[in-house]
Amino acid sequence: MSEWRDMLVGDRMAVDQAFTDRVQASEFTNQEWGLIMTATELDIEHADDPEAARLVADTAAIESIMPELAAIRSRGGPMAGGDDEGTNDPGIVDSIKGALGFSDDDDGVDEEKLAAAEALAQEYADELQQHLEANDAFEAIREAYVESAER
């Protein structure tokens with residue numbers, strides 16, 4: 001089912017650039033946003049209905065990366081808005097353990113941050129759909145989605 005996603009590459013690059021201001025205005029750094037989007041899959045709801053079809057962000061995997069988002073903040077460094085000494089860097093092993101959910105601090109998931117990440121990912125999907133519709137590309141992508149789902 002990746003054929004329709006492949007059709008999005010150029011449009012995603014354009015929307016990524018336009019969406020940069022929205023990310024900067026959010027509570028997330030560019031590094032955190034990149035991680036959020038890595039955990040987000042795009043999908044099309046109601047693809048068989050041209051009038052109701054909608055690009056959506058499948059954010060089910062975002063919760064699993066929340067420990068790594070917290071680790072990015074706690075590490076500091078220039079990408080997370082902290083110092084560039086990196087003195088709080090727990091190391092690669094601890095980072096991997098944290099990303100896999102095996103960190104020592106079991107504070108649970110920050111539900112507000114999770115909701116903000118999911119909402120921002122959906123805003124991105126909405127922006128991408130608007131871009132596709134403005135360029136008369138959404139219908140072809142929707143059709144490719146339906147065709148790949150039938151296989």
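See the structure shown above.
Counting of residues starts from 1 at the beginning of each chain's written sequence and follows it residue by residue. Two thresholds apply to this predicted model, a pLDDT of at least 70 for residue-level local features and 80 or more for giving and counting side-chain atom pairs, whereas whole-chain, interface and lining totals are computed over all residues. Note that water and hydrogens are dropped before the side-chain values are worked out from all heavy atoms of the structure.

Participant: Honestly, the packing of aromatic side chains in this entry has me stumped. Any pointers?
Facilitator: Two aromatic rings are characterised by how far apart their centres lie and by the angle between their planes. Pairing of aromatic rings covers Phe, Tyr and the six-membered ring of Trp, with a centre-to-centre limit of 6.5 Å; geometry is then stacked below 30 degrees between planes, edge-to-face above 60, and tilted otherwise. Under the definition given, this model contains 4 aromatic pairs. Judged by centre distance (5.6 Å) and plane angle (35°), the ring pair of Phe19 and Trp33 falls under tilted. Here the residue Phe19 occupies a position in helix H2 (residues 9-24), and Trp33 occupies one in helix H3 (residues 30-38), the gap between them amounting to 14 residues. Each of the two residues, Phe19 as well as Trp33, counts as buried. For the ring pair Phe19 and Tyr124, a centre distance of 5.4 Å and an interplane angle of 85° mean the geometry is edge-to-face. Taken as a pair, Phe19 in helix H2 and Tyr124 in helix H6 (residues 111-134) lie far apart in primary sequence, 105 residues in all. Taking relative accessible area as the criterion, Phe19 reaches 5% and is therefore assigned buried. With a 1.4 Å probe rolled over the protein chains alone, any residue whose accessible area is under 20% of its type maximum counts as buried; one over 50% counts as exposed, and the rest are partly exposed. According to the relative accessible area criterion, Tyr124 is buried, its value standing at 1%. Site record: aromatic cluster; members linked through ring pairs are Phe19, Trp33 and Tyr124. Every helix listed is a DSSP run of H or I at least four residues long, and every strand listed is a run of E at least two residues long, numbered separately from the N terminus.

Participant: Help me understand H2, please; the structure alone is not making it clear to me.
Facilitator: Since the α-helix advances by 3.6 residues per turn, residues separated by three or four positions end up pointing in the same direction. Across its 16 residues, H2 extends 22 Å between first and last C-alpha, which sits within 8% of the 22 Å expected from 1.5 Å per residue. To get the bend at any residue, fit one axis to the seven residues that end at it and another to the seven that begin at it, then take the angle between the two axes. The largest bend in H2 comes to about 40°, at Ala18. For H2, the complete set of buried residues consists of Asp11, Val15, Phe19 and Val23. On its buried face, H2 sits against H3 and H6. Take the residue count of a helix, subtract one, and multiply by 1.5 Å to get its expected span. Note on contacts: a residue pair qualifies if any of its non-hydrogen atoms lie within 4.5 Å across the two residues.

Participant: Would you take a moment to explain H3 for this structure?
Facilitator: Where H3 is concerned, the buried positions are Glu32, Trp33, Ile36 and Met37. Each buried residue of H3 lies within a common arc of 135° when the element is viewed along its axis, so the set occupies one face. In this description, one arc is meant: the one made by directions from the helix axis to the C-beta atoms.

Participant: Would you explain the pairing of strand E1 (residues 41-45) in this entry?
Facilitator: For a regular strand, the rule is simple: side chains alternate between the two faces of the sheet. Residues of E1 alternate between two faces, with Leu42 and Ile44 buried on one and Glu41, Asp43 and Glu45 left unburied on the opposite face. Strands are treated as partners if at least two bridges between them are detected by DSSP. Where E1 lies against strand E2 (residues 54-58), 5 bridges are found, and the strand directions are antiparallel. Paired with Asp43 across the bridge in E2 is Val56.

Participant: Any chance you could explain the packing of H3 against helix H4 (residues 62-75) here in plain terms?
Facilitator: Axis angle and axis distance: for two packed helices, these are the angle between their axes and the distance between the axes, and together they describe the pair. Only the stretch in contact is used when a helix axis is fitted, and all axes are lines through C-alpha atoms; the angle between N-to-C directions ranges over 0 to 180 degrees. Where H3 contacts H4, the two axes come as close as 10 Å, and the packing angle between them is 165°. With respect to each other, H3 and H4 are oriented roughly antiparallel. Viewed along their axes, H3 and H4 form a crossing whose handedness is right-handed. Here H3 contributes Gln31, Glu32, Leu35 and Ile36 to the contact with H4, which in turn contributes Ile62, Ile65, Glu68, Leu69, Ile72, Arg73 and Arg75. For classification purposes, an angle smaller than 35 degrees is called roughly parallel, one larger than 145 roughly antiparallel, one from 65 to 115 roughly perpendicular, and anything else oblique. A crossing counts as left-handed when the near helix is turned anticlockwise from the far one by less than a right angle, and as right-handed when that turn is clockwise.

Participant: Just to check I follow, could you spell out the packing of H4 against H6 for this structure?
Facilitator: Contact geometry for H4 and H6: axes closest at 10 Å, N-to-C directions at 120°. Crossing geometry of H4 relative to H6 is assigned as right-handed. Residues Ile62, Glu63 and Met66 of H4 form the contact with H6, whose participating residues are Lys113, Leu114, Ala117, Glu118 and Ala121. For this classification, Asp, Glu, Lys and Arg are treated as charged, while Ala, Val, Leu, Ile, Met, Phe, Trp, Tyr, Cys and Pro are nonpolar and the rest, including Gly, are polar. For the contact of H4 with H6, a count of residues per class yields 5 nonpolar, no polar and 3 charged.

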